[in-house]
Every structure is written in structure tokens, then in C-alpha cells.
Amino acid sequence: MRYQVRIRQFLDRIMSDMSGSKTLKASSSSSPWGSTQSGAPTLKSVARILQDDYPNPIKNIVIMAGAGISTASGIPDFRSPKTGLYANLKKYNLPYPEAIFDIDYFREKPQPFYTLSKEMWPSHFKPTLTHSFFKLLDDKKKLLRVFTQNIDTLERLAGLSEDRIVEAHGSFAQSRCIRCKKEVEQDWIRDKVMAGEVAYCPHSSCQKVQFKSSNKNACLVKPDIVFFGEGLPDKFFQSLNDLKKADLLIVVGTSLQVHPFASLVNHVAPNCPRILLNLERVGEIASYGQTGSGMRGLMNENGFDFEGWTLPSDKGKEHIRDVFWEGKCDEGVIQLAKELGWEEELRNLHKETCKQLNVNNDTKAENNDETLKEAEKEADKVANDLTDQIAKLNVSKKEEDQSEIKSTSQNPSESKGKTGPSSL
Ligand code: OAD
């Protein structure tokens, strides 16, 4: 346990150095929410600094997102006590819930992950209002980056460009062999997953290895999801500088239990306002953190300070930098959009996005229908050809029979030996 805490502190230190936050100094004069802030900040304060006519308009929002933003689309989160994925994995007989995303366990027993992937495969789901809110912020030139822990690709489906998103824990968007690292066709892996099969590398070099080796699992194919025991993608580390540029941090739908992602909260500038939209209060300073093994760990040295515990005694509540909004994030973003006069725009954008995805799915289905029709046509053609050939054979057989009848009548004993199965 102490070892895990040490690793976390070490990662925090590295990331602090990388994001350069050590060189930044807190502004001592005004509130992080602007000079007109009075009392503790709220959702209204967030709306106020987002207004276009605000003196220093916000244009570099950084978002940190977790599984809670996708639950409204039907994907369970991980750690909610009854509904979360980890509470519902009994059927997989795992030694511990996170094993389903553990690289060593996967190498040994890939089937549970494949079975789960069938349920989680992204094409089944649509973005939520929260995803569309991210897109709206982008359309309004206020969004710098979305750091997401989600593997469901719903940020992409909401219309955000790949450039805007950092999928810190990877995604289902690509898959590759764990040995040769070659990417496989998305349709190929999807078919395997949908058939409930474990996928092995189809490339020839790996086929030979599989044939020779007793360890077939050496060439497993795995979606580019970051498993426990694997490193985060380069893009995550390359994008850490964004935190330094952030003028508002929105943290949404995450328990902030998994590091190093969770520690990003601490790497925005000390005066950067931060808001947490979540069903529960998480990531607070002076709260108990949870270690990777699920055990209660030491007090957090960093994190949100919603109450202003760390404020110098001469500072009023308006200097509290963190806001906690408790509830479902879709309701939170609607409330925020209402304050900003964007509600209709947000709802229309979301409706339009879902409609477009339906059209795309229908087109895919139509394409599948077309393929089916072509296959049927081909089958009909083969059947017709066969009927023709059989008809021709029948004609020539009839002619043969007739000539045989003629010859049998000339030589009966010989014909007995030549015709009919019973003679064999
Ligand atoms: P968690 O399941 O740990 O946390 C989800 C958080 O969202 C919880 O605090 C919930 O209370 C909250 N929540 C759920 N539904 C919500 C809603 N509609 N509105 C607002 N809040 C809601 O998920 P993450 O923090 O994303 O790793 O988990 C982090 C990582 O742990 C995941 O990326 C995953 C997992 O192991 C991999 O997939 C590799």
C-alpha cells in the first residue's frame, strides 16, 4: 500500500514538472472567478465567466471526463456500487474485478475480456447531452482539449475531431496484435467479437509462431485500450502542457480513482477555476483516497477544495476556486446551458447528432442489405445454371437409356452386370 502511494507521489511530481505548474504563482489579488464574484462560487459563476462579453473570455477549457458521462447512453460506469461494471462481473469468475482489464490476466485468459467487449462494442451507443455540450464548447471556440478515460469513442461520435480528444486509456477504435503490433481491420475484429470468439493475429508471421509455439496467446489481438500494467499513450504525455494553458477545468463523471489521470486535476495553474459535475464528491483534498487494490489509503495531499479549507485566513469565500455541482451530468450541462442561453442550441445539436448517427447506421444497414441482395442474385444464378446442367444431363441420360434399352433387349445377361447399384 505504501509502495502504491509512493508511486502516486512520484507520478504527481513528474507530471507537475512536465506541466510546469511549479513555476506558476497564485494570483493573490482577485478571485479565480473574477473581481465581481461574491460569496462561494456556483454553477452561475461558471456561466458568468463563460459569457462572451466577460472581460477575459474563456477560450481554453480543459475537460477531464470519466465513465459517468456515458451512463445515460446505457454504458455502465465502473465503480458505482450496484450498477457499475466491477460489481457485475461475477459470471466471469475473475480473481478481482479489474483483472478483466489486466494485461497479464488477458494473456492468460482472454475470453472474459472478449465476452465483455461484445456488450461494450461502441457501435451500439449514442453520445449523451454531455458529449454534445463538449462539442458545443468546441463550436464556440472555447474548448482546448478533452482528456477522457472512456474507451467508448462517444466523444468522436459527438463530432469532436481527433485532435481535440486525448483518449488517455485508449479506445476500441483500433486493434492490434500484442506480439507483432500490426493493426487489424476493424470489421474483422468486430466480427470476431460479435461471434464471441477470441481473436488471434491473422498476419502470416504470427500465424507461423502460433503454429509452432505451444503458447497460442502470444499472438492475441487486443483493442488499443490501456490495460492495467500498460503505459498510457504518448499523446497523453504530449498533451500535458494543455493543463498549464487551461482557463477553466471541467471534471465530469469520474471517481478520480485511477492515476496518473486523476492527478491532472492538480496540474492546472493555481488560479484556474475548477468545477466537478458528478453524482458524488470525489478527489477532495483532506479526503481519504483509494489505492489501486481497492483499499483505503492515505489522505490526499492535493485535490479539490470546495470549502476553502486551504485559503489563507484573510481570504473570503469568493476566493474558493473549486465548485462541486452534485447530480447527473446531463442535468448539470443543461442547467449551465440554460444560464448561458444555449439550452435550445444544445438540445438541437444533440438531436441532430443522434439523427445523423441513425442515418449512418441505416446506410450501413442498407449497404448490408445490398450485399445480401447481390449474394442472393449470385446464388440464384448458380442455382439456375445447375438446373440447366441437370436438365441437359437428364436429356442425354434419357437418350443413353433409350439406346441401352435397345441394346439390353439384344443382350440381357450383360446389362444385368452393368446397370444399377444392386449389381455392385
Ligand atoms: P468510475 O466508475 O470509477 O467513476 C464514475 C463516476 O461517475 C462515479 O463517481 C459516479 O458516481 C459518477 N457518475 C455515474 N453516473 C453519472 C452521471 N450520470 N452523472 C454524473 N456522474 C455520474 O469511472 P472512471 O472514473 O471513469 O479503465 O474510471 C476510471 C478508469 O477505471 C476507467 O477508465 C477504467 C477503469 O478501470 C479502463 O477502462 C482501462
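Residues numbered from 1 in each chain as written. Predicted model: local features only at pLDDT ≥ 70, side-chain atom pairs only at ≥ 80, totals over all residues. Heavy atoms only, no water.

Can you explain the overall build of the protein? Please cite residues and give values.
The secondary structure content of the protein amounts to 13 helices and 10 strands. Within the protein, the proportion of its 424 residues that are buried is 44%. Summarising the internal contacts of the protein: among those between residues at least 6 apart in sequence, 67% fall at separations of at least 24. On the protein, roughly 23500 Å² of surface is accessible, and the fraction owed to carbon and sulfur atoms is 52%. (Helix = DSSP H or I, 4+ residues; strand = E, 2+ residues; numbered from the N terminus. Buried < 20%, exposed > 50% of the residue type's maximum accessible area, 1.4 Å probe, protein only. Contact = heavy atoms within 4.5 Å. Areas by Shrake-Rupley, 256 points an atom, 1.4 Å probe, with all protein chains shown as cover.)

Provide a residue-level description of the site of the ligand, including the pertinent values.
Taken together, 23 residues lie near the ligand, and Phe78, Arg79, Tyr86, Ser255 and Glu280 sit nearest. A distance of 3.4 Å is found between a nitrogen atom of the ligand and a backbone nitrogen or oxygen belonging to Gly68. At 3.2 Å from a nitrogen atom of the ligand is found a main-chain nitrogen or oxygen belonging to Leu279. Burial of the ligand by the protein chains amounts to 96% of its free accessible area of 800 Å². (Near = heavy atom within 4 Å. Polar contact = N/O pair within 3.5 Å; in protein donor to acceptor, adjacent residues only side chain to side chain.)

Could you give me a rundown of the packing of aromatic side chains, with the residues and numbers involved?
Applying the stated rule across the entire model yields 15 aromatic pairs. Residues Phe101 and Phe113 carry aromatic rings whose centres are separated by 6.3 Å and whose planes lie at 70° to one another, so their mutual orientation is edge-to-face. Of this pair, Phe101 sits in the loop between strand S1 (61-65) and helix H3 (103-108) while Phe113 is found in helix H4 (residues 111-120), placing the two residues 12 residues apart along the sequence. In terms of burial, Phe101 and Phe113 fall into one category: buried. Geometrically, the ring pair formed by Trp121 and Phe172 is tilted, given 5.2 Å between the ring centres and 55° between the ring planes. Taken together, the residues Trp121 in the loop between H4 and helix H5 (129-139) and Phe172 in strand S4 (residues 170-177) connect sequence positions 51 residues apart. Across the pair, Phe172 and Trp121 agree in class, each one buried. (Phe/Tyr/Trp six-rings, centres within 6.5 Å; stacked < 30°, edge-to-face > 60°.)

So, the state of the cysteines: which residues are in play, and what are the values?
Following the criterion strictly, the structure yields zero disulfides and no others. Cys180 forms no disulfide, and the closest cysteine sulfur to it belongs to Cys201, at a distance of 3.8 Å. The exposure class of Cys180 is partly exposed, given its relative accessible area of 23%. (Disulfide = S-S within 2.5 Å.)

Pulling in residues and values, what's your account of the sheet that holds strand S7 (residues 274-278)?
Ordered by their spatial adjacency, six strands build an open sheet running S3-S2-S1-S6-S7-S10, and the pairing between neighbours is parallel. Two strands bound the open sheet, and with one partner strand each, they are strand S3 (165-167) and strand S10 (322-326). Sheet twist, expressed as the average angle between the axes of neighbouring strands with direction ignored, equals 15°. (Pairing = 2+ DSSP bridges. Axes fitted to C-alpha atoms, helices over the stretch in contact; angles between N-to-C directions.)

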